[in-house]
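Architecture and fold: a report
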Amino acid sequence: MDENLEMVIGLEIHAELQTEEKLFCSCSTKFGAKENSQICPICLGYPGALPKVNEDAIDLAIKAGSILNCIINNYSDFDRKSYFYRDLPKGFQITQMKNPICENGYLELDNGTVYINRIHIEEDAAKTIINSNENKVDFNRAGVPLIEIVTEPCIYSKELAKEFVENLILMFKYADICNGKLEEGSFRVDLNISLKEKNSKILGTRAEIKNLSSIKSLLKAIDAEVERQSQVLFLGESVIQETRGFNEKTGKTYSLRNKENALGYRYIKDYNLNPIILEEIYINKIKKEIPIMPKEKKNFYIEKYNINSKYADILINNKAVSIFFDDCLEKYANPKLISNVIINYLLKYVNNNIEKLEINIDDFINLIKLVENENIKKSDLSDILFYMYNEKISLDDIFKNNNYFISSNEDEIRQIVLSVLNENLNAKNQYSSGNNKIFGFFMGECNKKTNKKLNSKILKNILEEELKDNKGETII
Amino acid sequence: MDNSIYNLRKMLDKKEISTKELAINYLDNIDKYDEKLGCYLDIDRDNVLKQAELAQVAINSKDSKVLTGIPIGIKDNICTKNLKTTCGSKMLENFTPNYNAHVIDLMEKQNFIMLGKLNMDEFAMGGTTQTSYFKSTKNPYNLECVPGGSSGGSASAVSANLCVASLGSDTGGSITQPAAFCGVVGIKPTYGLISRYGIIPYADSLDQLGIITNNTYDIGLLLSVLSEYDSKDETMSKLSKIDFLEYIDKPINIKGLKIGVIKDLLEDDINQEVKKSVESVLDFYKSNGAIIEEFSMPIIRYCNDIYAGYANPQGVTNLSKYDGTKFGYKFKEISENWDENVAYNRTEAFGDEVKKRILIGMYVLEKGYYNNFSEFRNVVKKQYNEMLSKCDILINPTTNCTAFKINNNFVNNTDNCTVGACLAGLPQLSIPCGYNKDGMPIGVCFIGNYFQEAKLLGIANIFEKTMQKIKPTIYA
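If you tally the helices and strands in chain A, you get 15 helices and 18 strands. Projected onto its principal axes, the C-alpha coordinates of chain A cover approximately 110 × 55 × 55 Å. In chain A, which comprises 476 residues, the share counted as buried stands at 51%. Sequence-distant contacts, at least 24 apart, represent 68% of the contacts inside chain A between residues at least 6 apart. When the accessible surface of chain A is split by element, carbon and sulfur atoms take 46% of a total near 23700 Å².

Dropping the structure here:
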């Protein structure tokens, strides 16, 4: 890119709200159900059917707006956005154009501040399933509530774009606003990107890149589009305002449609829906339901539990993990050890997308206590946790079938030591002659002698004791 | 037999006639006259007799309600479960909803008898009932004349006693105008009084269910059944129970009543016989002690244009769902291109009047004029509200002429007297007030404040009692 140019990014994010029912009818929103099994006259746009707004969706939009420091409008209402497409049952989408529910927000991040233009509520379209010979439409998604978050064109780096999207997903998960699953399409990112001259306030013509299915694609699409637009400008041509797609395979963007040729969306108020009137008391009530956000939680872990910043990040970056951590601490207050075991041993089995960490918490706490008392070797934790988490085997059964338990019985250990020394008189003599290096050999032999795990501290002490005593004997 | 709900109710409950006899009586009437009149689009005879049996069971067990066993016709834009609902359009030729409009549910609860579905202008767009894809409906007083529209089937059927009452719908005069043309009583209630759920919309902010009967008392009876609250319609007003017959049962005192008249409507383009007839109504009330107050309302001359610019953009969006792929219409694929297919099928299945109004609506939306029309509408509303703050009711001709000949292309402004009050969302009642020299009915219109239907009925009822009705010529 020309050194005098810089990119400007604005993001439009569609997040499916985690309501039980659709936005304007009582059909289920559950993902993955049989095709066209969650439909009714309202979400199919049947003649005469009327929408009725789902108040849960409004509450979630208030929460989203509040998290992003927006003004929550006391008055907002719904409009119809018209276009013809097979996945749009009514020939229009009910959205909020003129009076959105939230406006003028911001989010402060490590790489800068992202300013929010607006958040509005709208209904999702159906899903077109494209087969080789026919196109099918699954209307289960039609009418699922969405919020669209529109940022200002204020993002000047990939890092900030990435940080914003990651944080948004995490915060929405914490507040149960959206499950943030890009791969299921419940969280969709559209990229608006243009190049402008540095030091200039005038923005260049932007292109909109649709349907980016992962953060990786978002970053690649930014690169590809910066490359393409700077080429266009380098050749002395001008960038066209258009909608483009991103091809994961080629890593390039391609033109979908020109805005110039398209009809307008012919926005018009939807009179079937009453305006959303929100009183401050109500807004405040909903705001109070928002749980602690990841950033505050991180600080809390650092300050209250003395956990280092890197570990705190790992814990908060997965809501299920941080909830599990909190639950553990309620049962047993050893944040250092618990965080250590979770991060270094348990997490390698845990999928990042889980909604709940499924492990028997009492077993886990017992395990922590055994580790703390050195009844179990840390090196065995990986195996034990594999059985506990992946195989769902109880701690009792794990111990029954395996020998992780460390023996600290001094008499038992002394018996083993004595028999090892008797069987290895040669070695014993070598040790007596000053070959201290051979101590490790005795340790190994003792451990081999039994299928139990021996407490190494105790074993070492007894072995030293017995070797010392034997020393005396040989002199006689 | 006096064909009123009031009388039939008495006869049925006293067992002077059975529900089956009554139903067959009406089916015979339909067989005899409907070929000439063209009121009915669909009659489910088996079901009529079944409903009659059920109604008789209720009556025999002394469990009859207002509408038990009463034969009623339904305009074909009101959804009826398992009975075709076509809106008079090829686009819905084979559409059978699997849901009832709320009003149908309410009447079914009382075991009414649904005689069949009544013809209408396509998608309620028109004032003649000649734009229906299926057939032309005639005026019972002169088969060469229009019955008015769009609820022309509903008005003509009641007038010719092919049902004792009918449901229709009104957006800009679609109830009152045909009621006047066919010499029957019609009410467009206050916007929000009756659920719109299941009534196929034209313009959502104006549409209202309407009722056509032979007298004001029956209107009151039907309103009390149909105004039951429906949570499925957000725009329905939550009201405490209204006694719609209050002022008929205890006649209202005319003395000192202030009756407003919009003099522009009597000065402009108006048939002199109609003018005289309406003036005689005013004289009647004056001679009984009412005070006549004249208002000037120049904007009334533009209300038809305001209506066109305000209703049609809404109509455009409501018609967008008819892309040809759904609702019983057989989609023809002529191209790989989706838009071309949609255009082709819409061209095939919509009639000229609908296309004309789509074009008007599209033009207004694309040009961005909609908000202007919305503002004009508010001005009209304000002026009506001001007038009604200075008088009890307004009286004006329902139409400026009587029913005209079919294919008379010169008449296209027959809603000019009714459309203003429709824009204002006010209740509007038309009753017959005389006949012209050719025997064609003339209607007078009573407009009251919001939710004051009872008062309108009471005032109109006093004149109605003095009115000598002439039977339709079809019976001569």
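When the parts of a complex come together, some accessible area is lost, and that lost area is often taken as the interface size. Contact residues are listed per partner, giving 39 residues for chain B and 31 residues for chain A. For the pairing of chain B and chain A, the buried interface totals around 2900 Å² over both sides, and the portion due to carbon and sulfur atoms is 57%. Where chain B meets chain A, there are 2 salt bridges. Between B:Asp204 and A:Arg80 there is a salt bridge whose closest N-O contact spans 3.2 Å. Residue assignment for the side of chain B that touches chain A shows that the elements contributing at least two residues are helix H11 (303–319), helix H12 (338–349), helix H13 (352–367) and helix H14 (370–390) of chain B. Counting residues per element, the side of chain B that touches chain A draws most heavily on H11(B), which supplies 5 residues. Tallied by class, the residues present in the side of chain B that touches chain A amount to 18 nonpolar, 11 polar and 10 charged.

All right, on to the sheet that holds strand E10 (residues 428–435) of chain B then. Residues and elements named next belong to chain B. Taking strand neighbours across the sheet as the criterion, the 11 strands line up as E1-E3-E2-E4-E6-E5-E10-E11-E9-E7-E8 in an open arrangement whose pairing is mixed. Sheet topology places strand E1 (40–42) and strand E8 (291–295) at the edges, where each strand pairs with a single neighbour. Averaged over all pairs of adjacent strands, the angle between their axes in this sheet comes to 30 degrees, without regard to strand direction. As defined by bridge partners, strand E9 (residues 393–397) adjoins strand E11 (residues 441–447) across 4 bridges and the pair is classed as antiparallel. Among the inter-strand pairings, Asn396 is bridged to a residue of E11, identified as Cys445. Seen against the sheet, helix H10 (residues 272–287) touches strand E7 (258–262), E8, E9, E10 and E11 and runs at an angle of roughly 50 degrees to E11.

Next up on the list: the sheet that holds strand E4 (residues 79–82) of chain A. Spatial ordering of the open sheet is given by E5-E4-E15 (chain A), a layout of 3 strands whose pairing is antiparallel. The open sheet has two edge strands, strand E5 (92–95) and strand E15 (268–269) of chain A, and neither has a second partner. Relative to E5(A), E4(A) runs antiparallel, the two being bridged by 4 bridges. In the strand pairing of E5(A), A:Arg80 is matched with A:Ile94. The strands touched by H11(B) within the sheet are E4, E5 and E15 of chain A, with E4(A) carrying the most contacts at an inclination of about 60 degrees.

All names here are of chain A. Its place among the elements puts Asp380 in the loop between helix H9 (361–372) and helix H10 (381–390). Accessibility expressed as a relative area gives 8% for Asp380, which makes it buried. Not counting residues within four places of it along the chain, the set of residues in contact with Asp380 comprises Tyr404 and Lys453.

Residue and element names in this part refer to chain A. Buried residues dominate strand E11 (residues 187–197), accounting for 10 of its 11 residues. Sheet analysis places strand E1 (residues 5–16) next to E11, joined by 11 bridges and oriented antiparallel. Within E11, the position partnered with Ile13 by the bridge is Val189. The sheet contact formed by E11 and strand E12 (residues 207–212) spans 4 bridges and is antiparallel. Each bridged residue has a counterpart across the sheet, and for Asn192 the counterpart in E12 is Glu208.

Basis of the calculations
Residues numbered from 1 in each chain as written. Chains lettered and ligands numbered in written order. Predicted model: local features only at pLDDT ≥ 70, side-chain atom pairs only at ≥ 80, totals over all residues. Heavy atoms only, no water. Helix = DSSP H or I, 4+ residues; strand = E, 2+ residues; numbered from the N terminus. Buried < 20%, exposed > 50% of the residue type's maximum accessible area, 1.4 Å probe, protein only. Contact = heavy atoms within 4.5 Å. Areas by Shrake-Rupley, 256 points an atom, 1.4 Å probe, with all protein chains shown as cover. Buried area = accessible area lost by both parts, 1.4 Å probe. Salt bridge = Lys/Arg side-chain N within 4 Å of Asp/Glu carboxyl O. Nonpolar A, V, L, I, M, F, W, Y, C, P; charged D, E, K, R; others polar. Pairing = 2+ DSSP bridges. Axes fitted to C-alpha atoms, helices over the stretch in contact; angles between N-to-C directions.

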